[in-house]
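Residues per chain, in single letters:
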Amino acid sequence: MASVKIVLRKNMKKKDGTIPLALRISENYKTNYVWLGQYVFEKDWDDINGKAKRTHPYSKMLNNFLMKKVTEVNDIYLNTERRISPKQIKQKLKGPNGFKSFFAVASDHIQNKYDNGVFSVAKSQLSILYNVEEFIKLKNSRSKSKVIKEINKRRLKRISDARRSQYHWMDGVEYFKNNKTLTFRDIDESFIKKYKTFCFSYLNQKPRTITNQLIFIRTLFNIAIKEGVIAEKYYPFAGDKEKIRIAEGNKIGLNIEEIEKIESLDLEKFTTIWHTHNIWLFSFYFAGMRISDVIKLKWSDFKDNRLYYVMEKNGKPLSLKTPDKARIIIDYYRPDKKINNGYLFPFLREVDQTQAEQIYTRTKSTTKLLNKYLKRIAKLCGIDKTLSNHIARHSFGNIAGDRIHPLMLQKLYRHSDLKTTLNYQANFIHRDADDALDSVINF
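Residues numbered from 1 in each chain as written. Predicted model: local features only at pLDDT ≥ 70, side-chain atom pairs only at ≥ 80, totals over all residues. Heavy atoms only, no water.

A few words now on the pairing of strand β3 (residues 30-40). Within a regular beta strand, the side chains point alternately toward one face of the sheet and then the other, so they alternate between its two faces. Of the pairings in the sheet, the one linking strand β2 (residues 19-27) to β3 comprises 8 bridges and is antiparallel in character. Bridged to A22 within β3 is W35. Between β2 and β3, which follow one another and run antiparallel, lie 2 residues, and N28 among them has a positive phi close to 50°. (Pairing = 2+ DSSP bridges. Helix = DSSP H or I, 4+ residues; strand = E, 2+ residues; numbered from the N terminus.)

What follows is the structure, encoded as structure tokens:
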């Protein structure tokens, strides 16, 4: 817990000789001062006990006021579940005016994600900040096509600079820490409605992408309210205000015949398309295991003919028997066990395993590469559905249909809530609806 004391700021003496009093909050070599609006002469101040001497004409009244301020700080500490910094205490004492920079709070949040190794979330949230900045800079007097062209130009420049190591996406975080062009009070219901229109019209984003951005803004508001940055009455998502509705698109997986076509492909060994073929099928054989998790699998994850791994998305452990078809794929890579630096598949063998960000970057670029080759595989198999990494998960759900009990599917998918499994699997169970339709049409 921080050290709290009323101090005399002697270096800020006024012309009349009085000195301002401040509440000093110190912890881990970090100190913040809260001005109390009270001034005393040095001769009337007890520096050791932090209170006014009896020689002060209103010593009793002043000391009661000062004691209340100290008690207020202690109450904030005792009533806050998570750790709170002296800076946050200062903000709570000042009161929630809502004029703190939205970007500053957001960049601190993203920095925390980055420091905890959650790179995918940090990077996507930084992209949202750039979108918000583009929105508040928008001038309706300019042509829409020109604005879109300039937005894309700035985005492509960031990508190009990153490839040439002239820009790291955490440079963007530092930039937004000092950006004061948007406060929480600026973000009201009207702001959000206009921002949604901007995302759809200028950024060409789909409903789910827009929803994800609103969820991020809502998260930052909740943080700001907890930290005393803004009062709850300004929360734009409360009551009858803006409602966040998660739009769900159709999830379409492959059927058994299409899976068999992929399995029967005869590809040249150790080519990129051959690796893509193996990784996609491997994902499908393990109940639609996420491709990012498949790429990172190590030989040490396999014991006693079982796979033991922790899903990166939610940190949940899973153990599954290795299917015979998956074992055949594993055997392809056994001779390269040492060359691949402990990894089952070869795409991460050159990365420094102590560098989490490097692993993330290589995994992401590999995922893009695999998606590119999956399009070729779909063409070779005559599959007219979109074939991507994530479709392996949808395909497992499609074939499972209602043949596997939802509780077992929940375990295979590693969903925290059975409701999530039921909603997901509802995309692939059509028999009852089809029968109902037939009963009316085929009279």
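The subject of this paragraph is the nonpolar core. In this structure, I262, W280, F282, L344 and L387 are the most contacted members of the largest nonpolar core, which totals 50 residues. The set of elements that each furnish at least two residues to this core consists of α9 (256-263), α10 (272-285), α11 (291-295), β7 (306-310), β8 (317-321), α12 (324-333), α13 (356-381) and α14 (391-400). A per-element tally of this core places α10 first, with 8 residues. F135, Y167, L214 and F237 belong to the second largest nonpolar core, which has 43 residues in total. (Core = buried A, V, L, I, M, F, W, Y, C linked by side-chain atoms within 4.5 Å. Buried < 20%, exposed > 50% of the residue type's maximum accessible area, 1.4 Å probe, protein only.)

Turning next to the pattern of salt bridges. Applying the stated criterion across every chain yields a total of 13 salt bridges. Across the pair E150 and R142 runs a salt bridge whose closest N-O atoms are separated by 2.5 Å. We classify E150 as partly exposed; its relative accessible area is 24%. K177 is the partner of E174 in a salt bridge, and the nearest nitrogen-oxygen pair spans 3.4 Å. (Salt bridge = Lys/Arg side-chain N within 4 Å of Asp/Glu carboxyl O.)

Below, the discussion takes up the sheet that holds strand β1 (residues 3-8). Spatially, 3 strands are ordered β1-β2-β3 in an open sheet, and the strand pairing comes out antiparallel. The open sheet has two free edges, formed respectively by β1 and β3, since each of these has just one partner strand. Averaged over all pairs of adjacent strands, the angle between their axes in this sheet comes to 20°, without regard to strand direction. (Axes fitted to C-alpha atoms, helices over the stretch in contact; angles between N-to-C directions.)

Right, let's get into helix α8 (residues 207-226). Each α-helix winds once per 3.6 residues, and so residues spaced three or four apart point in a common direction. A rise of 1.5 Å per residue sets the reference length of α8, with its 20 residues, at 28 Å; its end C-alpha atoms lie 29 Å apart and thus fit the reference within 8%. Listed in full, the buried residues belonging to α8 are I210, T211, Q213, L214, F216, I217, L220, F221, I223 and A224. Packing partners of the buried residues in α8 comprise α3 (102-115), α4 (119-136) and α7 (189-201). Positioned one or two residues after α8, G228 has a phi angle of 75°, which is positive. (Expected span 1.5 Å × (residues − 1). Contact = heavy atoms within 4.5 Å.)

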